[in-house]
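Architecture and fold: a report
The primary structure of each chain is shown beneath.
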Amino acid sequence: MNEHLAMLGRFVRSPRTAGAVAPSSRALARAMVADLDLSGPVRVVELGPGTGVFTREIAGRLGPTARCLAIDIDPGFVEQLHRRCPRVDAVCGSAADLQAHATAAGFDRVDHIISGLPFASLPATVTSAVLDAIVAVLPPGGTFTTFQYVHGYPSPLARAFRRDMSARLGRRPTRHLVLRNVPPAYVLGWSRR
Ligand SMILES: C[S@@+](CC[C@H](N)C(=O)[O-])C[C@H]1O[C@@H](n2cnc3c(N)ncnc32)[C@H](O)[C@@H]1O
């Protein structure tokens, strides 16, 4: 309930950067990480962790030599993550500065990027800067996973996002429907060519 209130509060203060009135479901969180092997010495970055629904799922799958960096623009969420997910390095900042945050965390590479960012409502300039940052750090074979709500999936903005990401990463995404989320969502996963 606390997490729901925290997300609702964020939405009231800043609807465009919150993007949702409630945290995602555990089912969506599981689907976001289902295809990723985090048992080895991988470097994972989560963008927009919010209350940490995806972060907990990631943390539970990290092997002893794996590391995860979570970046959120809201200092309150980051403070909560420090307490709730000590296994994860949580920093306050913009996802557009992903490369600088990864370097500061001592990451020599980034293998997987998992995003809860609300691309449908973020200003276009922010989305563009974040996508540039993702492309700058992700090596061939690296993955980018995000979700789009089913009701927004056919919209021109959502289609343009998928086209742009596919062009940048050189491949089309895999797609999984998650019905047990309010609202239902598609999980989209790109593996860079
Ligand atoms: C829709 S919430 C998703 C939270 C969580 N991943 C979930 O699915 O429940 C979006 C999150 O992105 C964060 N956010 C928005 N813009 C950001 C940016 N430019 N950089 C980093 N985080 C950002 C917000 O603070 C919020 O926590």
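Residues numbered from 1 in each chain as written. Predicted model: local features only at pLDDT ≥ 70, side-chain atom pairs only at ≥ 80, totals over all residues. Heavy atoms only, no water.

With that out of the way, let us pick up the side chain of asparagine 181. Tracing the backbone through its elements, the reader meets asparagine 181 in the loop between strand 6 (174-178) and strand 7 (185-191). Polar contacts involving the side chain of asparagine 181 include one to the main-chain carbonyl oxygen of proline 183, which spans 2.8 Å. If sequence neighbours within four positions are ignored, asparagine 181 has contacts with Ser24, Ser25, Leu28 and Tyr149. (Helix = DSSP H or I, 4+ residues; strand = E, 2+ residues; numbered from the N terminus. Polar contact = N/O pair within 3.5 Å; in protein donor to acceptor, adjacent residues only side chain to side chain. Contact = heavy atoms within 4.5 Å.)

Along its twelve residues, helix 1 (residues 2-13) runs 17 Å from first to last C-alpha, staying within 8% of the 16 Å computed at 1.5 Å per residue. Buried within helix 1 are the following residues: Glu3, Met7 and Arg10. The buried side chains of helix 1 occupy one side of the element, clustering within an arc of 55° when seen end-on. Across helix 1 from its buried face, at more than 90 degrees, point the exposed residues Asn2, Leu5, Val12 and Arg13. (Expected span 1.5 Å × (residues − 1). Buried < 20%, exposed > 50% of the residue type's maximum accessible area, 1.4 Å probe, protein only. Arc of directions from axis to C-beta.)

So, about helix 8 (residues 156-169). Here helix 8 is 14 residues long and its end C-alpha atoms lie 20 Å apart, about the 20 Å a rise of 1.5 Å per residue gives. Those residues of helix 8 lying buried are Ala158, Phe161, Arg162, Met165, Ser166 and Leu169. The buried side chains of helix 8 occupy one side of the element, clustering within an arc of 125° when seen end-on. Turned more than 90 degrees away from the buried face of helix 8, the exposed residues are Pro156, Leu157, Arg163 and Ala167. Looking at the buried positions of helix 8, the neighbouring elements they touch are helix 7 (124-137), strand 5 (143-149) and strand 7.

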